[in-house]
Amino acid sequence: MSELELRKLSANTIRLLSADGVQKAKSGHPGMPMGTADFAFTLWSKYLRHNPKNPQWLGRDRFILSAGHGSMLVYSLLHLFEYGLPMDELKQFRQWDSLTPGHPELGHTDGVEITTGPLGSGFASAVGMAIANKNFAARTGLDKTGLVDSRFFVISGDGCMMEGATSEAASLAGHLKLDSIIVFYDDNNITIEGSTELAFSEDVGKRFEAYNWRVIRVADANDIEQCDRALAEAVKSDGRPTLIVGKTHIGFGSPGKQGKSSSHGEPLGEEELAATRKNLGFPEESFYVPSEVKNFISTRVKELETDAADWDKKFQDFLNANPEKADLISKMLNKTVPENILEELLKVAPVSKPVASRASSGEILQKVSELVPALFGGAADLAPSTKSNIKNEPSFTASERAGKNLHFGVRELAMGLAGNGMAAYGVNIPYTSTFFVFSDYMKPAIRLAAIQNLHQIYIFTHDSFYVGEDGPTHEPIEQIAMLRSIPGMTVFRPADANEVAHCWAAALQAKGPVALLLTRQDLEPIAPELTSNINVNKGAYILRDDDAFDMIMIATGSEVSLALKTADILKEQFNIKSRVVSMPSMELFLQQDAEYQEEVIPSWCNFRVSIEAGTTFGWHRIVGSTGLAIGMDHYGASAPYKVLAEKFGFTPDAVIAKIKEFYGQGGCSGGCEGCGGGCH
């Protein structure tokens, strides 16, 4: 059998393994894997640099299935290329506790580089991977060796090309001339509802040419030889990212469903699957792999292992010859954070006068960048406002790959997804930044970061109605509850520069995604005699305590100062003694054991008040059913922030009035130490 015949047989094996997996699960998408099998096998067997025996091998290229619904394609490839995914797992597609979930998941299945499913997300994350790779190579000197000149191969479908995430990311990639990205566009003209003519008629290739991409067109991407020629051209860089527009037939090989939308999102059916096996010259046996295919691929796997071993030796030689570079490489790969990071950050925290937390974060960020080489990121055209630029450092551009400032442009969704790719590439703790209200644009990316437990930091500034004059469109109200609702997400809202330093230290040492919510307006520093009480790592702590306190006031961020002032007045004018709790992270506090929670907010005290310049949603988990949650359950307005504070009731007098009104109407059930139940 000729090599070409073996390649065709291998591609048909992938088609039938994919169709068999979907059929057995009675769920899934057989059409896309069947349509792209020729391209995918050509890529994996001839052009993709990878090491099946070490899926995390640093020298590898990356394969990203942006059209994640076609997951049986990558599972079939991982099985055939000996990644340790047994046939039994293909037979357990989409079943409980299998290694073959409905969409590929990072960290769940060896060989999967990023979690995909939401269309366009894999494409945009690949852009982040390419950025991280080029920056790593340039900063470490590895760009002179060719050792990490990795390529990022993506398979996208019509759905990816319709999603805005792809457009944003493609525009950025073209601008940055990320020539290591090679995208195969599975142009099969079919979506779930039918022909793409229903809603999609543009020339995608011309759009990408306008983005400064090279476009290669393949008239028949179900022809292995045409796929081979396209890839041979694509891997020879012309200085631009590459889009291969491949015309395919969805469900290729299926006599009754090829080219039809019915093969997109449902099993072929037993009769049609049997007809497909016969049409492709395969026996009736399901999950069948011809011995010729096994031998052909095993030979290639051995070649890949040899290539990887040669690479490993060259890499080690580089490390031995360049000890300083080796140290930097180690710190980036291990995302090293100094053990005394908090101590170092507190040294530079501006605590001598009132300062906005976005500004104190900006000063602390400079020190973080100096101490943590893995830190790398930027903003969505807002660095001057979010204070997220690294001073005296160049920007990452098409001509300067070692720059430490990344300009994402006004592309929040692509920024978030690219940040995921940067984190997944494995050498960065990425940070991304914008105004907090625009976290709405980033929600899908943040959710995916949490699902994948990707360590990255979101710098969200202008965190409340105190934005002021810009009005309700720019004043976040409900966004804080949205972030807190995401499993695995940690949200910090620091009260002053001291807490900002603590929050940055905690964020750098976290295991998953972290958001820092920072103010536009100045915040008064916590009094020096109280700073030793700060305990951000437990989410909340007793900032100040009166003996035999009557009530507990809990606040976050800019409202901590308000709580302290309110407590002073309550004590002076009404003889009500207070415990003031700062709660920079509600999630971390709720993760603490019952003993610590009881220590900070004892259950015997029902006289509890929370203050936060955002929605009150979720706060009754803290103040209880008889407590008072002061916040904003309506949108903001356009006016100077001090006017808004007065109008919205965020002054000591207004807070006291709300407390008197609430507890004076039977809201207090009594029982607080030192209180007779009448709430004074």
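Before going further, it helps to examine the packing of aromatic side chains. One pass over the full model with this rule turns up 28 aromatic pairs. Taking 6.2 Å as the distance between ring centres and 40° as the angle between the ring planes, the aromatic pair formed by F41 and F296 counts as tilted. Here F296 lies in helix α11 (residues 291-321) and F41 lies in helix α2 (residues 31-47), a separation of 255 residues in the sequence. Through pairs of rings, three or more aromatic residues link up here, namely F41, W44, F63, F81, Y83 and F296. In this arrangement the basic side chain of K538 is found over the ring face of Y596, its NZ or CZ atom lying 4.5 Å from the centre. Note that K658 overlies the ring of F650, its terminal NZ or CZ placed 5.5 Å from the centroid.

Now for the sheet that holds strand β14 (residues 514-517). Across the sheet, which stays open at both edges, the six strands sit in the order β10-β9-β11-β12-β14-β13 with parallel pairing between neighbours. Unpaired on one side and paired on the other, β10 (405-407) and β13 (490-492) mark the two borders of the sheet. Across the sheet, the mean angle from the axis of one strand to that of its neighbour is 20°, orientation sign disregarded. By the bridge criterion, five bridges tie strand β9 (residues 375-379) to strand β11 (residues 429-435) in an arrangement that is parallel. Directly across from A379, in β11, lies its bridge partner S433.

Generally speaking, a soluble globular protein has its nonpolar side chains buried in company with each other. Core analysis: the biggest nonpolar cluster contains 85 residues, and W504, L508, I611 and F650 have the highest contact counts within it. With nine residues, the single largest contributor to this core is helix α19 (residues 497-508). Excluding its chain neighbours within four sequence positions, the residues that come into contact with I611 are M553, I554, A555, T556, E559, L562, A563, I630, F650 and V655. Counting residues in each nonpolar core, the second largest holds 80 residues, with V154, I446, A450 and F460 among its members.

To continue, consider the sheet that holds strand β2 (residues 152-157). Taken together, five strands build an open sheet; the order of strands is β1-β2-β3-β7-β6 and the sheet is parallel. Both edges of this open sheet fall to β1 (62-65) and β6 (214-218), since each of them pairs with a single strand only. The sheet shows a mean angle of 20° between the axes of neighbouring strands, taken without regard to direction. Note that β2 and strand β3 (residues 181-187) share six bridges and pair parallel. Counterpart to I155 in the pairing with β3 is F184.

Following both chains from N to C, one finds helix α14 (residues 357-371) and α19 inclined at 45°, their axes separated by 9 Å at the closest point. With respect to their mutual orientation, α14 and α19 come out oblique. Relative to α19, α14 is oriented so that their crossing is right-handed. Residues S357, S360, S361, I364, L365 and V368 of α14 pack against A497, V500, A501, W504 and L508 of α19. Its residues assigned to classes, the contact of α14 with α19 shows eight nonpolar, three polar and no charged.

This brings us to unusual backbone geometry. The phi dihedral of A548 falls on the positive side, at around 50°, and the residue is not glycine. Structurally, A548 is set in the loop between β16 (541-545) and β17 (551-555).

Our next topic: the confidence of the model for the protein chain. On average, residues of the protein chain score 96 in pLDDT, and 98% of them reach the 70 mark or higher. Throughout residues 665-680 the model reports pLDDT below 50, and contacts reaching past four residues in sequence, or to other chains, amount to 27 contacts.

This brings us to the state of the cysteines. Applying the stated criterion across every chain yields a total of zero disulfides. Left without a disulfide partner, C160 is nearest to the cysteine sulfur of C227, which lies 18 Å away.

Turning our attention to the side chain of T556. Within the element layout of this structure, T556 appears in the loop between β17 and α20 (559-574). Classification of T556 as buried rests on a relative accessible area of 0%. Side chain to side chain, T556 and R493 meet in a polar contact 2.8 Å long. Ignoring anything within four residues of it in the chain, the contact list for T556 reads R484, R493, M583, I611, E612 and W619.

The rules behind each value
- Residues numbered from 1 in each chain as written.
- Predicted model: local features only at pLDDT ≥ 70, side-chain atom pairs only at ≥ 80, totals over all residues.
- Heavy atoms only, no water.
- Phe/Tyr/Trp six-rings, centres within 6.5 Å; stacked < 30°, edge-to-face > 60°.
- Helix = DSSP H or I, 4+ residues; strand = E, 2+ residues; numbered from the N terminus.
- Lys NZ or Arg CZ within 6 Å of the ring centre and 35° of its normal.
- Pairing = 2+ DSSP bridges.
- Axes fitted to C-alpha atoms, helices over the stretch in contact; angles between N-to-C directions.
- Core = buried A, V, L, I, M, F, W, Y, C linked by side-chain atoms within 4.5 Å.
- Buried < 20%, exposed > 50% of the residue type's maximum accessible area, 1.4 Å probe, protein only.
- Contact = heavy atoms within 4.5 Å.
- Parallel < 35°, antiparallel > 145°, perpendicular 65-115°, else oblique.
- Left-handed = near helix turned anticlockwise from the far one by under 90°.
- Nonpolar A, V, L, I, M, F, W, Y, C, P; charged D, E, K, R; others polar.
- pLDDT = per-residue confidence, 0-100.
- Disulfide = S-S within 2.5 Å.
- Polar contact = N/O pair within 3.5 Å; in protein donor to acceptor, adjacent residues only side chain to side chain.

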